[in-house]
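# Working through the structure, step by step
Single-letter residue listing:
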Amino acid sequence: MQPRFSQPRHPGSPRIPGQRRFAGPPTSFIVITVAVIQLVGTLFSASRQDAPRPLDALAVLLLLIGPAGLAFRRRAPHVMLPVALLATGTYLAVGYAWGPIVLSLALSIVMTAAAGLRWQAWVGAGIAAAAVITGAAMTGDTNWLVRASAGVAWAAILVLIGQGFRRRSERLAEYRRRREEAQKAERDEYRLTLARDIHDVVAHSLSMINVQASVALHVGADNPEKLRPALEVIKAASKESLTEVRQLLGVLREDVPLTPAARPTLARIPELVKNAELSGLRVTLEDHSNHQVVGEAQQEAAYRITQEALTNVGRHSGAQSAVVRVVEAPGALTVTIDDDGGGMRGALPGNGLTGMRERAAALGGTLSLHELEPGLRVEATVPTHQEGNLQ
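Residues numbered from 1 in each chain as written. Predicted model: local features only at pLDDT ≥ 70, side-chain atom pairs only at ≥ 80, totals over all residues. Heavy atoms only, no water.

## Quick word on the confidence of the model for the chain
So the rule is basically this: Each residue carries a pLDDT score, the predictor's confidence in it, ranging from 0 to 100. Only heavy atoms enter the contact rule, under which two residues are in contact if any of them lie within 4.5 Å.
Taken as a whole, the chain shows an average pLDDT of 78; of its residues, 73% reach a score of 70 or greater. For residues 1–22, every residue scores under 50 in pLDDT, and the model assigns this stretch 35 contacts once sequence neighbours within four places are set aside. Note that residues 256–260 has pLDDT below 50 and, in this model, five contacts with residues that lie over four places away or in other chains.

## Some details on the sheet that holds strand β4 (residues 366–371)
Remark on secondary structure: sheet strands pair via backbone hydrogen bonds, oriented parallel or antiparallel. Just so we agree on the cut-off: Here a strand pair is declared whenever DSSP counts at least two bridges between the two strands. In DSSP terms, a helix is any run of H or I states spanning at least four residues, a strand is any run of E spanning at least two, and both are numbered starting from the N terminus. Axes here mean lines fitted to C-alpha atoms, for a helix over just the part in contact, with angles spanning 0 to 180 degrees between N-to-C directions.
One open sheet holds the five strands; their spatial order is β1-β2-β3-β5-β4, and the pairing between them is mixed. Looking at strand neighbours, the two that pair on one side only are β1 (282–288) and β4, the edges of this open sheet. Strand-to-strand twist of the sheet, defined as the mean angle between neighbouring strand axes without regard to direction, takes the value 10 degrees. Here strand β2 (residues 321–329) runs beside strand β3 (residues 332–339); their pairing, made up of eight bridges, is antiparallel. Across the sheet, V323 pairs through a bridge with D338, a residue of β3. Relative to β1, helix α8 (residues 269–278) is tilted by about 170 degrees, and along the sheet it contacts β1 and β2. Together, β2, β3, β4 and β5 (376–383) form the strand contacts of helix α9 (residues 296–317), whose direction differs from that of β3 by roughly 10 degrees.

## Regarding the packing of aromatic side chains
Let me state the cut-off plainly: Ring geometry is summarised as follows: Phe, Tyr and Trp rings, the Trp one being its six-membered ring, pair when their centres sit within 6.5 Å, and such pairs are stacked at plane angles under 30 degrees, edge-to-face over 60 and tilted between the two.
Overall, the coordinates contain one aromatic pair when judged by the stated rule. Between the aromatic rings of Y91 and Y96, the centroid separation amounts to 5.1 Å while the plane-to-plane angle is 35 degrees, which identifies the pairing as tilted.

## Some words on a nonpolar patch on the surface
The criterion, for reference: Patch rule: a residue counts if its relative accessible area is over 30% and it has no salt bridge; like charges are joined within 9 Å, and nonpolar side chains (Val, Leu, Ile, Met, Phe, Trp, Tyr) within 5 Å. Only the protein chains shown count as cover for residues, with accessible areas throughout obtained via the Shrake-Rupley method and a probe of 1.4 Å. A pairing counts as a salt bridge when a side-chain nitrogen of Lys or Arg comes within 4 Å of a carboxyl oxygen of Asp or Glu. The cut-offs for exposure are 20% and 50% of the maximum accessible area for each residue type, with area from a 1.4 Å probe on protein chains only; residues under the lower value are buried, those over the upper are exposed, and the others partly exposed.
Taken together, the side chains of W154, I157, I161 and F165 present a nonpolar region at the surface, about 410 Å² in accessible area. Tracing the backbone shows F165 in helix α6 (residues 144–219). The exposure class assigned to F165 is partly exposed, which follows from its relative accessible area of 48%.

Structure representation (structure tokens):
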């Protein structure tokens, strides 16, 4: 049996390098970079302007407090903006030389909005804008209104930039969530498909081996010529089962099968009929299908459903005969298995019936049971115009 789908990455395996999540530059890098820019830039700027108060230890401390507040961007983002406002406001109010002191304030507004603290970001931007308006008006410059308007606009732009980062982060998180859900659904479908395959292979082969072993024990002493065919069937069934189970285990171990078995097709249904007849069941096969126009997935589903149905007939129904019909109509393939046994007898559906229904549903088809007098009919219909999940 060949693997028919991509194998999901094992949860314990290492993440592919291209899948690493990017969470932005490290916080330490941001803090150090902003501190260097503010300190060096302000020292350079102060050497080329006349300020009311020369730079001293307090100025250096205020220049470093703003960047230090950015260190809380992950642990406590609500701390960044008040610290930056306090440091920047105090620096400018004291009358130190103008420089890139506002860099930490601008980044704190952006990061606060990006952290989802929208109202805090707007309040902080409003305080900064009010300070700009007040400072521009107190200078007595005739263009103070233009300068104030530019400061207000920049404060609003900074908040909007932060909100843009926030929306992008939310979209990426939603994309990752959906991708993880899709991967989980793929893994679940992977396990279900393997479970169906293992059940079909093992249950059918072991059932045949059990029946033929009983026949061998029964006829061994009185009718030795019938002993050899029974043992040959046991040998063939066990060999085929062992081969397919090895390949399924190879898929589970993520190995590539060295000698992949042929995929079950409609052409192999006569083998199922022959094996059922060896166990003493009279089976009639009516095949009205064109194998060339039916997809591989539909053929495999029909084979597996027939296999499981005949296994159930031989093990549980007590039937003497069965009829297998394969009918291909425009756009659909229908498989019907009738027997003259005791029917369901009120029994609950087992793994075999559940697996048959899942195979039909995976291809967009249906499977139904109908009580007969006597016996039971298993009828499965799958569309032939599409390829399904079993491929």
